[in-house]
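For reference, the chains in residue letters:
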Amino acid sequence: MARPIWTGTLSFGLLNVPIRLMTAERRVDLHFRMLDQRNNQPVRYERVNAESGEEVPWKDIVKAYEYSKGNYVVLEESDIRNAAAEAHETVEIDAFIDADQLTPAYFEKPYFLVPGKKAEKGYVLLRETLKRTGKIGIARVVIRTREYLSAVMPRGKALLLVLLRYPQELVDLEEYRLPDKATSDYRIAAKEMTMAEQLIESMSSDWAPGDYRDEFRDRLRKVIDKRLKSKGVVTAEESADEAPAESASTNVVDFMALLKKSLDTNKRTPAKKAAPKATKKRAPTKAAKKAPAKRSAAKSKKTSGSKSRKTG
């Protein structure tokens, strides 16, 4: 069983619920090592002094803030710890908001809040009340040495703690040119809007996360297995030529036709199929024949002259 990040309390108002903070994500990425292709030995990252080039041991490394080019202020670990809130083992809910007020852009990382021993009543009370009211709690929590903004929300039998991004970490939409005029300014007809709604309705279903897989990881895993079976020596396969992208030189698109076709097939417009992969004929390998060494004319003459002198 996974070990808790820390054990503490979930606090809202005067209520305190003993909890354990547990990770709610599992990393399944395939990790690669970098090798020196000359002898297949791992390449190490080394901490070196920028001036002397010498490796620096961990015990001699400190954290510092560069307040101007080449000028630093060194911080102690205690400085960083003290900058965080004093309640290092408390999820303290400051306020409750409507769940739909928090957009996904703020979500960063999930954790499960698991009740401690004999703490089920307070846990269930908060979970069910949040479900009934459609609210989520906005809280502050310290994990290791950093303080985070977070949201406490019900998810099935669990209370989920989601670390949030601060507003300063989000790019303002005003920095981008986005279409903000009325639909009529973009020549969107009422019939097009109606057909788009019908298409969305026809494609609507319940969210089933089990229907989705990381297909890139699966394909990469197959490539790795294939190379393992062939002792790491395989010929790279040529991928089929990608279909040419649609020209972006015109903004005239027949949305009505696309929507009607999508409704008729009850699915998204299919992507163009890549051209069938041509069978690649491998050229027969020929053993390299060593050409007989050619004697230079000068050497031949020299040898002939030598023989003539000996004969004479």
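Residues numbered from 1 in each chain as written. Predicted model: local features only at pLDDT ≥ 70, side-chain atom pairs only at ≥ 80, totals over all residues. Heavy atoms only, no water.

Where the model shows low pLDDT, its predicted coordinates should not be examined in detail. Overall, the predicted model of the protein chain reaches an average pLDDT of 78, with 75% of residues at or above 70. Mean pLDDT across the elements of the protein chain bottoms out in helix α6 (residues 297–311) (46) and peaks in strand β11 (residues 158–164) (95). Confidence drops under pLDDT 50 across residues 268–272; counting only partners more than four residues distant or on other chains, this segment forms five contacts. Confidence over residues 283–312 falls short of pLDDT 50; this stretch has one contact with residues more than four positions distant or in other chains. (pLDDT = per-residue confidence, 0-100. Helix = DSSP H or I, 4+ residues; strand = E, 2+ residues; numbered from the N terminus. Contact = heavy atoms within 4.5 Å.)

A surface patch of negative charge is lined by D172, E174, E175 and D180. Looking at the secondary structure, you find D172 in the loop between β11 and α3 (190–203). Residue class for D172 comes out partly exposed when judged on its relative accessible area of 45%. (Patch = residues over 30% accessible without salt bridge, like charges linked within 9 Å, V, L, I, M, F, W, Y side chains within 5 Å. Areas by Shrake-Rupley, 256 points an atom, 1.4 Å probe, with all protein chains shown as cover. Salt bridge = Lys/Arg side-chain N within 4 Å of Asp/Glu carboxyl O. Lys, Arg positive; Asp, Glu negative; His and termini not counted. Charge placed at Lys NZ, Arg CZ, Asp CG, Glu CD. Buried < 20%, exposed > 50% of the residue type's maximum accessible area, 1.4 Å probe, protein only.)

Formed by 23 residues in total, the largest nonpolar core has its most connected members in L10, V91, L113, V152 and L161. Of all the elements in the fold, those that place two or more residues in this core are β1 (6–12), β2 (15–23), β7 (90–98), β8 (107–115), α2 (120–133), β9 (135–143), β10 (146–155) and β11. Sort the elements by how many residues they give to this core and β11 lands first, with four residues. Discounting chain neighbours no more than four positions away, the residues touching L10 are L15, N16, V17, I19, V91, I93, L113, L126, V152 and L159. (Core = buried A, V, L, I, M, F, W, Y, C linked by side-chain atoms within 4.5 Å.)

Right, let's talk about α3 for a bit. The end-to-end C-alpha separation of α3 is 20 Å, in line with the 20 Å expected for 14 residues at 1.5 Å each. Inspection of α3 places E192, M195 and L199 among the buried residues, and these make up the whole buried set. Down the axis of α3, the buried set is contained in an arc of 65°. They therefore lie on one face. Of the exposed residues in α3, those oriented more than 90 degrees away from the buried face are A190, E197, I200 and E201. (Expected span 1.5 Å × (residues − 1). Arc of directions from axis to C-beta.)

Taken together, the side chains of Y65, Y67, V73 and L75 define a hydrophobic patch exposed on the protein surface, amounting to about 420 Å² of accessible area. Along the chain, Y65 turns up in strand β5 (residues 63–68).

With that out of the way, let us pick up the sheet that holds β2. Strand order around the closed barrel formed by seven strands is β1-β2-β8-β11-β10-β9-β7, with mixed pairing between neighbours. Averaged over all neighbouring strand pairs, the angle between strand axes comes to 40°, with direction disregarded. Bridge count for β1 against β2 is seven bridges, and the pairing is antiparallel. Its bridge partner lying in β2, F12 is registered against L15. Here α2 sits on the sheet in contact with β1, β2, β7, β8, β9, β10 and β11, set at roughly 70° to β11. (Pairing = 2+ DSSP bridges. Axes fitted to C-alpha atoms, helices over the stretch in contact; angles between N-to-C directions.)

You can see R217 is positioned in helix α4 (residues 215–229). Judged by relative accessible area, R217 falls into the partly exposed class, the value being 25%. If we skip the residues at most four places from it in the chain, R217 touches V28, D29 and L30.

One pass over the structure, following the stated rule, counts eleven salt bridges. In this structure, D94 engages R140 in a salt bridge whose closest nitrogen and oxygen atoms are separated by 3.7 Å. Of this pair, D94 sits in strand β7 while R140 sits in strand β9, and the two are 46 residues apart along the sequence. Note on R140: relative accessible area 38%, which makes it partly exposed. Linking D225 and R221 is a salt bridge whose minimum nitrogen-to-oxygen distance equals 3.3 Å. One end of the pair, D225, and the other, R221, are both in helix α4, four residues apart, so they sit about a helical turn from each other. The class of D225 is partly exposed, set by a relative accessible area of 31%. R221 sits in the partly exposed class, given a relative accessible area of 34%.

We now examine the pairing of β10. Taking burial as the measure, the ten residues of β10 include seven buried ones, the bulk of the element. Bridge analysis of β9 against β10 gives seven bridges, and the strand direction is antiparallel. Its bridge partner being in β10, V141 is matched across the sheet by Y148. Following β9, the chain reverses through two residues before pairing antiparallel with β10; R144 in that reversal takes a positive phi of roughly 60°. In this structure, β10 lies alongside β11, joined through seven bridges in antiparallel fashion. Note on β11: the bridge partner recorded for L149 is L164. Counting the residues in the hairpin turn of β10 and β11 gives two residues, including G156, whose phi is positive at 65°.

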